[in-house]
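Reading the structure
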Amino acid sequence: RQARSLRRADDGVWRARLGEAAVSWHGASQAEIQRDTDGGHPLGMTLELAEGERHDLVLVMSLDADRGSTLAADRAWSSTEAAWRDRLPDLQSTVAPRDARHAYAVLSGLTGARGGMVAAATMSLPERARQGRSYDYRYVWIRDQCLAGQAVAKAGPYPLLDAAVRFVADRVLADGSRMVPAYTVDGSPVPGERNLGLPGYPGGTDVAGNWVNQQFQLDAFGEALLLFAAAAEHDHLDADGWRAAEAAIAAIEERWHEPDAGIWELEPDNWTHSRLICVAGLRAIATHQPSERSAPWVALADVIAAQTGADSLHCTGRWQRSPDDPRVDASLLLPVIRGAIRPDDPRSLATLLAVEDELTDDGYCYRFRPDERPLGEAEGAFLLCGFLMALAYVQQGDQVRAARWFERTRAASGPSGLMSEEFDVAQRQLRGNLPQSFVHALLLQCAVTQQDGT
């Protein structure tokens, strides 16, 4: 759409109307209108700067015509920097303070006023070109929010922990065992998928909305309990939080036998990861209550763990994806990291070795083998899984391997330091929507745990 009433005011600021919006361009008083072949009126200017010199060009768009009329770039920069200094914790007691602070900043930027943190800020950036795998991640996934809250809790009782607890607790209390995997930032249902009639990103599609609103993901209840336990560790779980914890426990008791879509949102199955994460959540929250109250929670965890061990253990001694799917899956590292099974348990060790042997290549980790093709042809490396490898080796006391996985995985970012869900190792390209919140969350957790070894 072309701008209307384009003019340069006496103060040197260019102003125009763009539909209902008022537009002003500051710092370009020497610009001139250029006639182009399309009949438009673009502005053009030549700006020469000496080494070390700076010049601010600021574009303001607002429905308020007076907004930005007296804008001072220096003051705006100073106030922005001050606001972020107040918003970000120091995080110097980590192995990578700058990246840890950057990860916290990303998570903070993805979090709305009501505490909901979207899974990513974009939509329809394809995981693989021309494969139809373009999704809208601009919603709050309960699991992702819990992963972020737990990562922050490892660093300290910072505001993002409270925001996560507040949003997740509200959803558990409102919907109980019928809680869905994702919501909008205000807690409303996620709209179904629809096409927008736009060109879209090359190789992608213009799909808005997400079909996750039709799924059941059992592990979300386990992750909620792990989040609440992390908050309780800092004495940041209030009465509503405890009521939400009890509702999550009741939901697990009611539905743990049911097939669910799991962490990767696949066809319903009795996914091993989902059930073991519930075991981890039940055991974690039980440590914050007297034994007479928490005994039924521990007993439920024992029952689920025993059943899962009976039907989802591979003949080689490692965990398998489900009773009917013998493949190994990198997500099976997470229940051990969270305390469902001891790290020195033979099943834990066998699973870690199998993941490294079967799902890693060139220092990157993939989530599972979808078919017989070599790793990297079906999909990119999953950066979340690379950080899980780092956390698993910290837990095993192998700081050297943990550092290797951490350094290799955190290097898979763009120039801005933002990370997506997948990384194409062959082409050295980010794949999918970004910034992906749970990847930045696990980066933060790795930076903390490698420093203190826990």
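Residues numbered from 1 in each chain as written. Predicted model: local features only at pLDDT ≥ 70, side-chain atom pairs only at ≥ 80, totals over all residues. Heavy atoms only, no water.

**Some remarks on the pattern of salt bridges**
Side chains that differ in sign of charge can pair as their charged atoms come close. One pass over the full model with this rule turns up 25 salt bridges. In this structure, D311 engages R275 in a salt bridge whose closest nitrogen and oxygen atoms are separated by 2.9 Å. With D311 in helix α8 (residues 291-311) and R275 in helix α7 (residues 272-286), this residue pair connects regions lying 36 residues apart in the sequence. Residue D311 is classed as partly exposed on the basis of its relative accessible area of 24%. A salt bridge links R428 to D362, with the shortest nitrogen-to-oxygen separation between them at 3.5 Å. (Salt bridge = Lys/Arg side-chain N within 4 Å of Asp/Glu carboxyl O. Helix = DSSP H or I, 4+ residues; strand = E, 2+ residues; numbered from the N terminus. Buried < 20%, exposed > 50% of the residue type's maximum accessible area, 1.4 Å probe, protein only.)

**Some details on the sheet that holds strand β3 (residues 21-26)**
The 4 strands are arranged β1-β2-β3-β6 in an open sheet whose pairing can be described as antiparallel. What marks the edges here is a single partner per strand, and that holds for β1 (4-8) and β6 (58-62). Strand after strand, the sheet turns through a mean of 15° between neighbouring axes, direction not considered. Sheet topology places strand β2 (residues 14-18) next to β3; 5 bridges connect them, and they run antiparallel. When the sheet's bridge partners are listed, R15 is paired in β3 with S24. (Pairing = 2+ DSSP bridges. Axes fitted to C-alpha atoms, helices over the stretch in contact; angles between N-to-C directions.)

**Focus on the sheet that holds strand β14 (residues 422-424)**
The sheet built from 3 strands is open, its strands ordered β13-β14-β15 with antiparallel pairing. Single-partner strands in this sheet number two, and they are β13 (381-382) and β15 (429-431). In terms of strand pairing, β14 meets β15 through 3 bridges, oriented antiparallel. By the bridge assignment, F423 is partnered in β15 with L430.

**Remarks on unusual backbone geometry**
The residue after L434, namely P435, is reached through a cis peptide bond having omega -10°. Here P435 shows up in the loop between β15 and α13 (437-452). With a phi angle near 60°, S124 is a residue other than glycine that sits in the positive phi range. Topologically, S124 is positioned in the loop between α2 (97-109) and β7 (140-141).

**Let's talk about the nonpolar core**
Judged by nonpolar contacts, the single largest core of 116 residues is most densely connected at L225, F228, I252, L282, I285 and L444. For I252, the residues in contact, after removing those within four places along its chain, are F221, G222, L225, C278, L282, L300 and I304. Counting 8 residues, the second largest nonpolar core, distinct from the first, contains Y137, Y139, W141 and V212. (Core = buried A, V, L, I, M, F, W, Y, C linked by side-chain atoms within 4.5 Å. Contact = heavy atoms within 4.5 Å.)

**So, helix α12 (residues 399-410)**
Along its 12 residues, α12 runs 16 Å from first to last C-alpha, staying within 8% of the 16 Å computed at 1.5 Å per residue. The set of residues buried in α12 consists of A402, W405, F406 and T409. Taken around the axis of α12, the buried residues stretch over an arc of 100°, which confines them to a single face. Exposed and facing more than 90 degrees away from the buried side of α12 are V400 and R404. On the buried face of α12, the contacting elements are α10 (346-358), β11 (360-361), β12 (364-365), α11 (383-395) and α13. (Expected span 1.5 Å × (residues − 1). Arc of directions from axis to C-beta.)

**Re α13**
An α-helical segment advances 3.6 residues per turn. Residues three or four places apart therefore align on the same side. Taking 1.5 Å of rise per residue, the 16 residues of α13 would be expected to cover 22 Å, and the 23 Å separating its terminal C-alpha atoms lies within 8% of that figure. Along α13, 14 of the 16 residues are buried, which leaves the element largely enclosed by surrounding structure. Backbone geometry just downstream of α13 places G453 in the positive-phi region, at approximately 75°.

**Structural notes on the environment of P199**
In this structure, P199 sits in the loop between β9 (194-195) and β10 (207-208). A relative accessible area of 79% means that P199 is categorised as exposed. Separated by 90 residues in the primary sequence, P199 and G109 place their C-alpha atoms 27 Å from one another.

**Describing the state of the cysteines**
As enumerated under the stated definition, the model contains 0 disulfides in all. Not engaged in a disulfide, the cysteine C146 finds its nearest cysteine sulfur in C278; these two sulfurs lie 11 Å apart. (Disulfide = S-S within 2.5 Å.)

**Structural notes on the packing of α11 against α12**
α12 packs onto α11 with a crossing angle of 165° between their chain directions and a minimal axis gap of 7 Å. If you check the angle between α11 and α12, you find them roughly antiparallel. Crossing handedness for the pair α11 and α12: left-handed. Residue-level contacts link L383, G386, F387, M389, A390, Y393 and V394 of α11 to Q399, R401, A402, W405, F406, T409 and R410 of α12. Broken down by class, the residue content of the contact of α11 with α12 amounts to 9 nonpolar, 3 polar and 2 charged. (Parallel < 35°, antiparallel > 145°, perpendicular 65-115°, else oblique. Left-handed = near helix turned anticlockwise from the far one by under 90°. Nonpolar A, V, L, I, M, F, W, Y, C, P; charged D, E, K, R; others polar.)

**As for the pairing of β1**
As paired strands, β1 and β2 are joined by 3 bridges and run antiparallel to one another. In the sheet register, R8 faces β2, and the bridge partner there is W14. Connecting β1 to the next strand, β2, in antiparallel fashion are 5 residues, including G12 with a positive phi near 85°.

**As for the packing of aromatic side chains**
Considering all chains together, one arrives at 6 aromatic pairs under this definition. Taken together, the ring pairs connect Y135, Y137 and W141 into an aromatic cluster. The ring of W84 has R87 lying over it, and the distance from NZ or CZ to the ring centre is 4.8 Å. Of note, R255 hangs over the ring of F216, and the distance from its end group to the ring centre comes to 3.7 Å. (Phe/Tyr/Trp six-rings, centres within 6.5 Å; stacked < 30°, edge-to-face > 60°. Lys NZ or Arg CZ within 6 Å of the ring centre and 35° of its normal.)

**Topic: the side chain of D424**
Residue placement: D424 occurs in strand β14. With residues up to four places along the chain from it excluded, the contact list for D424 reads R128, Q429 and R431.

**Remarks on a nonpolar patch on the surface**
On the surface, L47, L49 and L57 cluster together into a nonpolar patch covering about 240 Å² of accessible area. Here L57 is to be found in the loop between β5 (43-44) and β6. (Patch = residues over 30% accessible without salt bridge, like charges linked within 9 Å, V, L, I, M, F, W, Y side chains within 5 Å. Areas by Shrake-Rupley, 256 points an atom, 1.4 Å probe, with all protein chains shown as cover.)

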